[in-house]
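Spelled out, the chains give:
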Amino acid sequence: MSRIGRMPIAIPAGVTVEVAENNQVTVKGPKGTLSRVLPSEMEIKVEGSEVTVTRPNDLKKMKSLHGLTRTLVNNMVVGVTDGFTKQLEVNGVGYKASKAGKKLTLNLGYSHPVEMEDPEGLESTVEGNKIIIKGIDKEKVGQYAAEIRDKRRPEPYKGKGIKYADEVIRRKVGKTGKK
């Protein structure tokens, strides 16, 4: 059995989990509502204050879907209770980020400032050289953070660019002058 797949998911107080036909799972909580269609082969049961996911057989595909399905449901439950956050750092001389309304403006050494609009359900804040993205959908938070980072990825010589707060940049030694 999948170690992750067979673990039950505890439903905290104030959260409701509903499973409709075709494994349409809806999770309602204090921070909002998330809905997702999960693989129809998996059997998702809500029993009291727990959600369990079981697989029909031991085929390789079913084994891989088992852990995935359980993790997706768990991320929905965590999202509506605590939410998810990603932190990005802007490093470099003259590089800066600013926020006005729902618009995130990045000055990254290009001839023009890069403007990005916060997607639906996500909120970004700027504190100094840090950009913090908050939301209830883990996938959307990660995707938006990746899109911001893509505007100017960190380079290995001086470490300039936008990086995740927990990311370690492998540095390279620059060229040395000839004598």
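See the structure above.
Residues numbered from 1 in each chain as written. Predicted model: local features only at pLDDT ≥ 70, side-chain atom pairs only at ≥ 80, totals over all residues. Heavy atoms only, no water.

1. Side note on the pairing of strand E5 (residues 43–47)
Relative to strand E6 (residues 50–54), E5 is paired through five bridges, and the arrangement is antiparallel. Directly across from Glu-43, in E6, lies its bridge partner Thr-54. Counted along the chain from E5 to the antiparallel partner E6, the turn is two residues long, and its residue Gly-48 has a positive phi close to 65°. (Pairing = 2+ DSSP bridges. Helix = DSSP H or I, 4+ residues; strand = E, 2+ residues; numbered from the N terminus.)

2. Quick word on the packing of aromatic side chains
Enumeration over the complete set of coordinates arrives at zero aromatic pairs. The ring of Tyr-164 carries Lys-86 above its face, with NZ or CZ at 5.2 Å from the centroid. The aromatic ring of Tyr-110 is capped on one face by Arg-152, whose charged end is 4.4 Å from the ring centroid. (Phe/Tyr/Trp six-rings, centres within 6.5 Å; stacked < 30°, edge-to-face > 60°. Lys NZ or Arg CZ within 6 Å of the ring centre and 35° of its normal.)

3. Examining the sheet that holds strand E11 (residues 122–127)
Across the sheet, four strands lie side by side as E11-E12-E7-E13; this open sheet has antiparallel pairing. Looking along the sheet, the strands with just one partner apiece sit at the ends: E11 and strand E13 (161–164). Strand-to-strand twist across the sheet, computed as the mean angle between neighbouring axes with direction ignored, equals 25°. Of the pairings in the sheet, the one linking strand E7 (residues 84–91) to strand E12 (residues 130–135) comprises six bridges and is antiparallel in character. Residue pairing across strands places Glu-89 opposite Lys-130, the latter belonging to E12. Across the face of the sheet, helix H2 (residues 138–150) comes into contact with E7, E11, E12 and E13 while running at roughly 5° to E7. (Axes fitted to C-alpha atoms, helices over the stretch in contact; angles between N-to-C directions. Contact = heavy atoms within 4.5 Å.)

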